[in-house]
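Breakdown of the fold
The primary structure of each chain is shown beneath.
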Amino acid sequence: MTAKDASKVPIEDLTAAQAKAELARLAEEIARHDRLYYQEDMPQISDAAYDALRQRNEAIEARFPELIRLDSPSRRVGIAPAKGFAQVRHSVAMLSLANAFHDEDVHEFFARVRRFLGLDSADPVEVVAEPKIDGLSASLRYEDGRFVQGATRGDGRVGEDITRNLATIRDLPIRLQGDDLPKVVEVRGEVYMRREDFFAMNAEREEAGEPPFANPRNAGAGSVRQLDPTITAARPLHFFAYAWGEMSEPAGDSYWHFLDRLKGWGFQVNPYARLCSDAEAALTLYREVMGARAELPYDIDGVVYKVNRLDWQDRLGFVSRAPRWAVAHKFPAERALTVLEKITIQVGRTGALTPVANLQPVTVGGVVVSRATLHNEDEIARKDIREGDTVVIQRAGDVIPQVVEVIEDKRPKGSKPFVFPERCPVCDSQAVREAGEAVRRCTGGLICPAQRLERLKHFVSRNAFDIEGLGAKHIEAFLEDGLIATPGDIFRLRDHAADIEGREGWGAQSVENLVAAIEDRRRIALERFVYALGIRQVGEATARLLAAQYGSLEGLRSAMDAAQDRDGEAYAELLNIDGVGPSVADDLLGFFAEAHNREILDDLANELEIEDFEAPEAASPISGKTVVFTGGLDTMTRSEAKARAEALGAKVAGSVSKKTDYVVVGADAGSKAKKAAELGLATLTEEEWLALIAG
Ligand code: IVH
């Protein structure tokens, strides 16, 4: 076996050469995950998998202490600060905590404290027990009661200056309250995001096409490390205080009393903190908190016990990177075995089909889990997850439970691989996958109840129908009460005037105004109309290109019907529009092929007067002409040239055909210029082109 294969070898069987290779691999691997986690806030592996790497590293080091590397992960806490923020040297290091996993570990903690202090087993050792918040620790420096600097933990000694970001958090007093204020105090604690806010924020990110955060902790960390504090300000962050760093006077006699001081200064202190007289009382609180865990609005991953007497804390001091006076009692590994009964498909607001594992309910880390995400169809295929399988469920810091793996030995006889549906389970429209995308999407759009609300909101939005007095809120309420279901219904709302008038916030006058505003929009320009349909990837610019190319709704519809034949001329013509590629074409053709959408179009065509596309500045010499640009231009970029041509009413095509009117040939033009010559088309130099459009 080569040293390279050592990653699978049990620690007790490793040769020294293999151990050396393993330590090198682990140092690199852990450093990479640290970077992903701390600097990019995008971890690629679960906390459990990360812990396993660290544990393996430590176990190998315990067996081969002479091989411990200078850059060993065991010598580091967290990671050095990322670029972009100034550094802050912590005058009192920000340390980590030792972990306890079992009740015995907790008893052993109390015994150790007693031994260290030379106490009798009968001497009481009081501790304060409080939840361990799964967030990001921060240190807040106050001078004369004023917040002057805030920093991340960084590597424990040097963190990042995130003062301006932290200042946006409302739980953080900019000025301390009360009159027992130390000249200098660094208050430490945890920045965190509530689960509910995290979900809402992720939904918005997905809407905007941004990658979602894995869990509230990463979302919080990502938010606090924004270089632009206005972004942090818009993120719902909170702060629990639980420690201090530098302080110009003694903190007091007890931690319990210090928590009162923190509250008095205006900080939030965790409401579950309890003063416990012994290990049993501490364990009781642990179980209470574990039971309440699911209902807490934020994530926690254990309970911290801290020796209450501060003189004892001083005497106990620190070992390596953790205090002797505290321990983090972690919640049990959040994995469990259960049976996956059924795979169902959820349809999101944007039409994305998400497979969900419906499980035999099982407790995972104190929380009953009956559903887990399966991400997408590739993930199901990759892990070969089937209905009836016994699966390992994990509910790590990651809030959404995941299916980690399948226990294949327990697979029932005759089970079949899961077949991902190709139709939407909500509205039965076709669900399609675009090239290079993992997600399958419902093409039902306006008729799909899962998507209807968002689509209707889009339909009336400012750059679409823009009906005065009919905002997203009204659409939501009217849809809920059955006054509207399709876009066409909006134009029949006048028949419901009496119903609307009876509703809260509406009077005779406002209903009259609404009806008038709707009437006002019965005439609409083709490009606005196309945009309002909310076809995926068809924004305003593409809608305009389509309007320019096909002129009328009838023209567009018959062209789309013809283009369903991917070998025909109509399809080629569609792709030849500069700005329409195969993926946009797929979405367009999918939309027009769907029977439901055709009904909606018929209905709207009945209600509306859709104006044919009118080329602006009809006097322009290139209005209505088709232009192709090839080669580089000197006086402007290609996009600018294209925008200008379009503004003058020309259609810009991507390739040369019989229908091309002008080919503008720039520097280093290639095959297009050749083709133009072959077809005997008029070619223009850049200068000639500029002269043409100037005239
Ligand atoms: S006390 C010197 N109390 O857990 C010890 N830490 O694993 C200072 N944490 O870096 C830490 N909740 O980010 C303490 N109630 C709590 C905590 C807590 C969360 C975090 C903190 C620390 C990490 C250690």
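Right above here is the structure, for reference.
Everything numeric in this text was worked out from a predicted model, so none of it was measured.

**Some thoughts on the overall build of the protein chain**
Within the protein chain one finds 25 helices and 26 strands. Oriented by its inertia axes, the alpha-carbon framework of the protein chain measures out at about 100 × 75 × 65 Å. Expressed as a percentage of the 695 residues in the protein chain, the buried residues total 48%. The long-range fraction of contacts in the protein chain, counting pairs at least 24 apart against all pairs at least 6 apart in sequence, stands at 67%. Averaging the locations of the 87 positively and 113 negatively charged side chains of the protein chain gives two centres separated by 4 Å.

**Some points on the site of the ligand**
In the region of the ligand, 13 residues are neighbours, and Glu130, Ile133, Glu190, Tyr242 and Lys306 sit closest. Within the side chain of Lys306, an N or O atom sits 2.9 Å from a nitrogen atom of the ligand. Protein chains shield 88% of the accessible area of the ligand, which is 530 Å² for the free molecule. Mapped onto the shell around the ligand, the elements with two or more residues apiece are strand 3 (127-133) and strand 10 (300-307). Per-element accounting of the shell around the ligand gives the leading share, 4 residues, to strand 3. Looking at the shell around the ligand residue by residue, the class counts come to 7 nonpolar, 1 polar and 5 charged.

**A short note on the pattern of salt bridges**
Where charged atoms of side chains with opposite charge meet at close range, the side chains can pair. Per the counting criterion, the structure on display carries 52 salt bridges. Arg274 serves as the salt-bridge partner of Glu288, at 3.6 Å between the closest nitrogen and oxygen. With Glu288 in helix 9 (residues 279-292) and Arg274 in strand 9 (residues 274-276), the pair connects residues that are 14 residues apart, well separated along the chain. Glu288 sits in the partly exposed class, given a relative accessible area of 40%. For Arg494, the salt bridge is made with Glu519, and the minimal N-O distance between the two is 3.2 Å. Of this pair, Arg494 sits in the loop between helix 14 (487-490) and helix 15 (497-501) while Glu519 sits in helix 16 (residues 508-520), and the two are 25 residues apart along the sequence. Since its relative accessible area comes to 43%, Arg494 is described here as partly exposed. When salt bridges that share partners are traced, they join Asp489, Arg492, Arg494, Glu519, Arg522, Asp603 and Glu607 into one network.

**Regarding the packing of helix 19 (residues 553-563) against helix 21 (residues 582-593)**
Where helix 19 meets helix 21, the axes come as close as 9 Å, and the angle between the chain directions of the two elements is 105°. The angle between the axes of helix 19 and helix 21 places the two elements in the roughly perpendicular class. On the side of helix 19, the interface is formed by Leu556, Arg557, Met560 and Ala563, while helix 21 contributes Leu588, Leu589 and Phe592. Among the residues making up the contact of helix 19 with helix 21, the classes are represented as 6 nonpolar, no polar and 1 charged.

About the criteria used
Residues numbered from 1 in each chain as written. Predicted model: local features only at pLDDT ≥ 70, side-chain atom pairs only at ≥ 80, totals over all residues. Heavy atoms only, no water. Helix = DSSP H or I, 4+ residues; strand = E, 2+ residues; numbered from the N terminus. Buried < 20%, exposed > 50% of the residue type's maximum accessible area, 1.4 Å probe, protein only. Contact = heavy atoms within 4.5 Å. Lys, Arg positive; Asp, Glu negative; His and termini not counted. Charge placed at Lys NZ, Arg CZ, Asp CG, Glu CD. Near = heavy atom within 4 Å. Polar contact = N/O pair within 3.5 Å; in protein donor to acceptor, adjacent residues only side chain to side chain. Areas by Shrake-Rupley, 256 points an atom, 1.4 Å probe, with all protein chains shown as cover. Nonpolar A, V, L, I, M, F, W, Y, C, P; charged D, E, K, R; others polar. Salt bridge = Lys/Arg side-chain N within 4 Å of Asp/Glu carboxyl O. Axes fitted to C-alpha atoms, helices over the stretch in contact; angles between N-to-C directions. Parallel < 35°, antiparallel > 145°, perpendicular 65-115°, else oblique.

All quantities given are derived from atomic positions and should not be read as evidence of function.
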